[in-house]
Amino acid sequence: MCGIIGYIGGKKSTDILVDGLRRLEYRGYDSCGVALIDPGQALYLKRVSGRVDALDKLIASDPIKKSAAGIGHTRWATHGVPSEDNAHPHTDCSGQVVVVHNGIIENYLELKEKLEKAGHRFKSETDTEAAVHLVEEKIKALNATGRSGDGDQLEPVFFEAVRRAAAELKGSFAMAVIWAKCPNMILAARQHSPLVIGLGNGENFVASDVSAFLKHTKRTVFMNDGELAVVKKDSVGYFTFQGKKAEHDPVTIQWDSTMAEKGGYKHFMLKEIHEQPGSVENTLRGRLLPLKGDVLQREINLPSELIKSVKGVQIIACGTAYHAGLVGRYVFENFGLQTSVDFASEFSDRARMVGADVLTIAVSQSGETADTIYAVREAKASGSKILAITNTLGSTLTREADFVLYTHCGPEIGVASTKAFIGQIAAMYVLAIHFAVMRGTIFDADARTYANELLKIPRLIEDALEGEKAIARVADRVSGSEHFLFIARHINFPIALEGALKIKEISYVHAEGYAAGEMKHGPIAIIYKNMPVLAVATTSSVLDLVAGNIEEAKARGAEVIAIVDEDSRKRIKASQYIVVPKTLEILSPLLTVVPLQLFAYFVALAKKCDIDKPRNLAKSVTVR
Ligand code: M6R
């Protein structure tokens, strides 16, 4: 849940580190810091409780003259409150070994006790500090601290100390380590937390995510678990924690750095909402053959025997991705394939219910969500094959899965997931149609209709986005409400959940998504005069029932804002209408979610919330 970066090269390191940290802030933003080694082997360390802007100011007030290597960190607190003392980088007792870390060191208490007995003094409440003292202890054991000589002679000692320490740490970590006595190298270790290397010309990078260095290079190596990288200005070497050499072929990232910038929008979230037509296009591209009514196997590569033989599908995911999974269930079951959906964090007990005859689909934008990755391991252990639907090349999930379907939505920076969600749903349609064709549970003509209608969706999302100003007015008017209710039925029920999640996470108000038919079984009691109730009421097989539920809410004083299409509008009586284009009922979530995302955005804007970096959250939840 934190972002780490390292840089070694001829440019001004603080600028590169600070810029990289800004791009990683979506991973956590309660405190941050940098550490650099100057040519005289002195350490330059700056940390703040707060955002990267504050760190930037601190650095500007006392700049380092020149620097060789540096590391930086932006934090989402797990162990220890957000404070300057707990901010990374952390130093050892000598003040010469420095670590930044993302993840959780599970055996830190045990290590801390041992290290304190050996005389180490801890200065923070973090688990990370155990790692830096452990490296110091290993250096001592190698009898090197007192040795003089130039940095190059000590490099093997530094490497060996970090290697031994990494092998002793339990839990998850992506770490970058520097030692003032070795100013020409950064050591980076990965175990269950993302870590990538950026290969430049006469400069190299270490980071949690490629967005941190894309401006400088697109050549990337995705490290494996249990590996260590020796990063120098002109070379990078890879080793296992056992000290064996490892090989990597760099890949060239197709994203460019401007894709991770705001491009004139006030917030990433708004930009990403507007990118959704392109997101759906990218997810569908090359995968649909509407003329034949089939779906290409390219990139999916699921064996046809598996597709034909599975008795069911198990979807696991968290948060917004879980809601995409719920839409997926309706779609798969529409084509006759039984599907279960579970929160990855609640999957443990259900893992034994899957086996070789069930395909597990793990959905995750980042591909790094710890709960999802653990659930995948449990499903695998039960004999199920894993298909990952993800947006992130080289992510941990892609390595754990047997098959991967990329959504190709481009980097999503706003903490509130929008374009990734729409890409995940689009991927569900591609898969479900493909399965139905292969399993013979759909007529060719119907498959063709679905494929053709899906291909129209990007243009229809553009039309839905044209309602932005009207949505902003409604949102602004009701933004003072303390409670919001979202209701829908059938395939739009997950969209009600998603609408409520969006507003909760960026506006900090209470919101509930409910199955419209369930309201009268209890929750209708919460409705009070003028409470905003957003109801998805587009043309569907359940429209009459939804219309009835809207009447029930109105009778209790609710102010109903209905998401309708031109046809359904005539059958619904609401205080406000938000009109979306009409499509097939089964595809409607791709359109109905758009106004709810905009609604949440404008409520948060009216409340002056920090939309892209909501309190208490981080984009990528890499702890369980
Ligand atoms: O990266 P993932 O898709 O696995 O993330 C899962 C959730 O943490 C994520 O969707 C979260 O709920 C979003 N912040 C919601 O907008």
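If you're wondering where the values come from, they're calculated on a predicted model, not measured in any experiment. (Residues numbered from 1 in each chain as written. Predicted model: local features only at pLDDT ≥ 70, side-chain atom pairs only at ≥ 80, totals over all residues. Heavy atoms only, no water.)

K.L.:
What should I look at first to understand the domain arrangement of the protein chain in this one?
P.N.:
Interface size, as often reported, equals the accessible area lost upon joining of the parts. The domain boundaries assigned to the protein chain delineate domain 1 (3–261), domain 2 (265–455) and domain 3 (457–618). The centre of domain 1, based on its C-alpha atoms, is set 44 Å off from the matching centre of domain 3. Each partner contributes residues to the interface: domain 1 has 7 residues there, and domain 3 has 7 residues. Summing both partners gives a buried area of about 530 Å² for domain 1 against domain 3, and 48% of it is carried by carbon and sulfur. Together, Tyr-29, Arg-51 and Trp-76 form the three largest contributors to the area buried by domain 1 at its contact with domain 3, with a combined 75%. At the boundary of domain 1 and domain 3, one finds 2 salt bridges. (Domains from an automatic or database assignment. Contact = heavy atoms within 4.5 Å. Buried area = accessible area lost by both parts, 1.4 Å probe. Salt bridge = Lys/Arg side-chain N within 4 Å of Asp/Glu carboxyl O.)

K.L.:
Looking at this structure, I do not really get the site of the ligand. What am I missing?
P.N.:
As a structural note, the neighbourhood of the ligand is formed by 13 residues, with Ser-364, Gln-365, Ser-366, Thr-369 and Glu-505 the closest of them. Between an oxygen atom of the ligand and a side-chain N or O atom of Ser-364, the distance comes to 2.6 Å. Coverage of the ligand by the protein chains reaches 91% of its 410 Å² of free accessible surface. If you list the elements that add at least two residues to the shell around the ligand, you get α9 (319–334) and α15 (493–507). For the shell around the ligand, the residue count by class is 4 nonpolar, 7 polar and 2 charged. (Near = heavy atom within 4 Å. Polar contact = N/O pair within 3.5 Å; in protein donor to acceptor, adjacent residues only side chain to side chain. Areas by Shrake-Rupley, 256 points an atom, 1.4 Å probe, with all protein chains shown as cover. Helix = DSSP H or I, 4+ residues; strand = E, 2+ residues; numbered from the N terminus. Nonpolar A, V, L, I, M, F, W, Y, C, P; charged D, E, K, R; others polar.)

K.L.:
Sorry if this is basic, but what is going on with the side chain of Ser-172 here?
P.N.:
Mapped onto the fold, Ser-172 is located in strand β7 (residues 171–179). Beyond its immediate chain neighbours, meaning those up to four positions away, Ser-172 contacts His-101, Asn-102, Gly-103, Ile-104, Ile-105, Gln-191, His-192 and Ser-193.

K.L.:
What is the right way to look at the packing of helix α7 (residues 276–284) against helix α13 (residues 444–465) in this model?
P.N.:
Two quantities define a packed helix pair, namely the angle between the axes and the distance from one axis to the other. For the pair α7 and α13, the least separation of the axes is 8 Å and the interaxial angle reads 170°. By the angle class used here, α7 and α13 are roughly antiparallel. Where α7 abuts α13, its residues Gln-276, Pro-277, Val-280, Glu-281 and Leu-284 lie against Leu-454, Leu-455, Ile-457, Pro-458, Arg-459, Ile-461, Glu-462 and Leu-465. Grouping the amino acids of the contact of α7 with α13 by side-chain chemistry returns 9 nonpolar, 1 polar and 3 charged. (Axes fitted to C-alpha atoms, helices over the stretch in contact; angles between N-to-C directions. Parallel < 35°, antiparallel > 145°, perpendicular 65-115°, else oblique.)

K.L.:
Can you help me understand the sheet that holds strand β8 (residues 186–191) in this one?
P.N.:
The strands making up a sheet are joined through hydrogen bonds of the backbone, oriented either antiparallel or parallel. Spatial ordering of the open sheet is given by β5-β6-β7-β8-β12-β13-β14, a layout of 7 strands whose pairing is antiparallel. Each having just a single partner strand, β5 (90–91) and β14 (245–246) make up the two edges of the open sheet. Here strand β6 (residues 97–105) runs beside β7; their pairing, made up of 9 bridges, is antiparallel. Of the residues in β7, the one forming a bridge with Ile-104 is Ser-172. Sheet strands in contact with helix α4 (residues 128–141) are β5, β6 and β7, and its direction is about 130° off that of β6. (Pairing = 2+ DSSP bridges.)

K.L.:
Honestly, helix α1 (residues 13–24) in this entry has me stumped. Any pointers?
P.N.:
Within an α-helix, residues lying three or four positions from one another point in the same direction, as the helix has 3.6 residues per turn. Taking 1.5 Å as the rise per residue, α1 with 12 residues should run 16 Å; its terminal C-alpha atoms sit 16 Å apart, in good agreement. Most of α1 sits out of view: 10 of its 12 residues are buried. The set of residues buried in α1 consists of Ser-13, Thr-14, Ile-16, Leu-17, Val-18, Asp-19, Gly-20, Leu-21, Arg-23 and Leu-24. Its buried side turned inward, α1 meets β1 (3–9), β2 (31–37), β3 (43–49), α2 (52–61), β4 (69–75) and β10 (203–207). (Expected span 1.5 Å × (residues − 1). Buried < 20%, exposed > 50% of the residue type's maximum accessible area, 1.4 Å probe, protein only.)

K.L.:
Sorry, what's going on with the environment of Leu-605 here?
P.N.:
Position of Leu-605 among the secondary structure elements: in helix α18 (residues 589–606). Between the C-alpha atoms of Leu-605 and Ile-506, which are 99 residues apart in sequence, the distance is 9.1 Å. Setting aside chain neighbours within four positions, we find Leu-605 in contact with Lys-266, His-267 and Ile-611.

K.L.:
How do you make sense of the pattern of salt bridges when you look at a structure like this?
P.N.:
Side chains carrying opposite charge are able to pair once their charged atoms draw close together. Summed over all chains, the structure comprises 35 salt bridges. Asp-19 is the salt-bridge partner of Arg-23, the closest N and O atoms lying 3.1 Å from each other. Of this pair, Arg-23 and Asp-19 both sit in helix α1, 4 residues apart, which is roughly one turn of that helix. In this structure Asp-19 comes out as buried when scored by relative accessible area, which is 16%.

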